[in-house]
Amino acid sequence: MSPTESLNAEDWYARAAEDLRAAAILLEHGGSMSVVAFELQQGVEKLLKGWLLGRGWELERTHNLVHLLNDAVLRN
């Protein structure tokens, strides 16, 4: 199973940390804002998926942060 198919919240947190580290490195070294923003979006998406999976959410293939945030509010 690939890391983006894992049902383990910790796997998603680890992948999120990689994306957020990449964003920080890019920002520090003059990376384009669009690439930094993409890495940040990916990191937040993975953090949300990890949090949701830890609360019984069924994994969905979505990149929609609004949808994920709405699901998080419903499970809080």
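Here goes a summary of the coordinates provided.

Looking at the nonpolar core
In globular proteins that are soluble, nonpolar side chains generally tend to be buried together.
Then, in step 1: Counting seven residues, the largest nonpolar core consists of W12, L48, L52, L53, W57, L68 and A72.
Then, in step 2: Taken together, the elements giving at least two residues each to this core come down to α2 (33-53) and α3 (65-75).
Then, in step 3: Per-element tally for this core: the top contributor is α2, with three residues.
Then, in step 4: Residues in contact with L53, not counting those within four places in the same chain, are S6, L7, W12 and L59.

Comments concerning the environment of D71
Then, in step 1: Of note, D71 is situated in helix α3.
Then, in step 2: Between the C-alpha atom of D71 and that of A22, which follows or precedes it by 49 residues, the distance is 27 Å.
Then, in step 3: For D71, the residues in contact, after removing those within four places along its chain, are L52, W57 and E60.

A look at the packing of α2 against α3
Then, in step 1: Running from N to C, α2 and α3 point in directions that differ by 30°, and their axes come no closer than 10 Å. Compared by their axis directions, α2 and α3 come out roughly parallel. In the crossing of α2 with α3, the sense of the turn from one axis to the other is left-handed. Contacts between α2 and α3 involve Q41, V44, E45, L48, K49, W51 and L52 from the first element and L65, L68, L69, D71, A72 and R75 from the second.
Then, in step 2: Its residues assigned to classes, the contact of α2 with α3 shows eight nonpolar, one polar and four charged.

Quick notes on the side chain of K46
Then, in step 1: With respect to the secondary-structure elements, K46 resides in helix α2.
Then, in step 2: Other than its neighbours up to four places away in sequence, K46 contacts W12, R15, A16 and D19.

The rules behind the values
Residues numbered from 1 in each chain as written. Predicted model: local features only at pLDDT ≥ 70, side-chain atom pairs only at ≥ 80, totals over all residues. Heavy atoms only, no water. Core = buried A, V, L, I, M, F, W, Y, C linked by side-chain atoms within 4.5 Å. Buried < 20%, exposed > 50% of the residue type's maximum accessible area, 1.4 Å probe, protein only. Helix = DSSP H or I, 4+ residues; strand = E, 2+ residues; numbered from the N terminus. Contact = heavy atoms within 4.5 Å. Axes fitted to C-alpha atoms, helices over the stretch in contact; angles between N-to-C directions. Parallel < 35°, antiparallel > 145°, perpendicular 65-115°, else oblique. Left-handed = near helix turned anticlockwise from the far one by under 90°. Nonpolar A, V, L, I, M, F, W, Y, C, P; charged D, E, K, R; others polar.

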